[in-house]
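# Close look at the chain arrangement
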Amino acid sequence: MKRNTAEKSSRSLIKSISYRLLSMAADTIAAYVLTRSMAMTFGIVILVNTYSTVLYYLHERVWANIHWGRVVKN
């Protein structure tokens, strides 16, 4: 039986990190195909994924506090 609990911030953080790791792998391939430069590829990947991780975490925390669309089960 599932309990109706709010998501902890640590869970949001772990979800953010795991998603970013997957995203970084895909971004690395795409950036390298476009630039053919490892230095440029790593610069792009680090920059994009740093701000994207912070943005995703903040987005998750906002949505964790929005009750719209949730169903309360007894």
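For the structure itself, look to the data block above.
First, a word on scope: everything that follows refers to the structure included in this document. (Residues numbered from 1 in each chain as written. Predicted model: local features only at pLDDT ≥ 70, side-chain atom pairs only at ≥ 80, totals over all residues. Heavy atoms only, no water.)

## Observations regarding the packing of helix α1 (residues 9–35) against helix α2 (residues 38–64)
So the rule is basically this: Axis angles are defined between N-to-C directions and span 0 to 180 degrees, where every axis is a line fitted to C-alpha atoms and, for a helix, only to the segment in contact. Secondary structure elements are defined from DSSP: runs of H or I of at least 4 residues count as helices, runs of E of at least 2 residues count as strands, and each element is numbered from the N terminus. Each angle gets one of four labels, with under 35 degrees taken as roughly parallel, over 145 as roughly antiparallel, 65 to 115 as roughly perpendicular, and the rest as oblique. Crossing handedness is defined as follows: a turn of the near helix away from the far one that is anticlockwise and smaller than a right angle gives a left-handed crossing, while the clockwise case is right-handed.
Between α1 and α2, whose axes approach to 8 Å, the crossing angle comes to 150 degrees. When the axis of α1 is compared with that of α2, the two are roughly antiparallel. The chirality of how α1 crosses α2 is right-handed.

## Some words on unusual backbone geometry
For clarity, the cut-off: The buried label applies to any residue whose accessible area, calculated with a 1.4 Å probe on protein chains only, is under 20% of its type's maximum; exposed applies above 50%, and partly exposed to all values in between.
Its identity is not glycine, yet R36 carries a phi of approximately 55 degrees, on the positive side. Positionally, R36 belongs in the loop between α1 and α2. The exposure class of R36 is exposed, given its relative accessible area of 58%.

## Focus: α2
Note the following rule: One less than the residue count of a helix, multiplied by 1.5 Å, gives the span that helix is expected to have. Whether two residues are in contact is decided by their heavy atoms: any pair within 4.5 Å suffices.
The end-to-end C-alpha distance of α2 is 38 Å, a good match for the 39 Å that 27 residues give at a rise of 1.5 Å each. Of all the positions in α2, only T41, V45, N49, S52, E60, R61 and A64 are classed as buried. Residues of α2 that are buried in the fold lie against α1.

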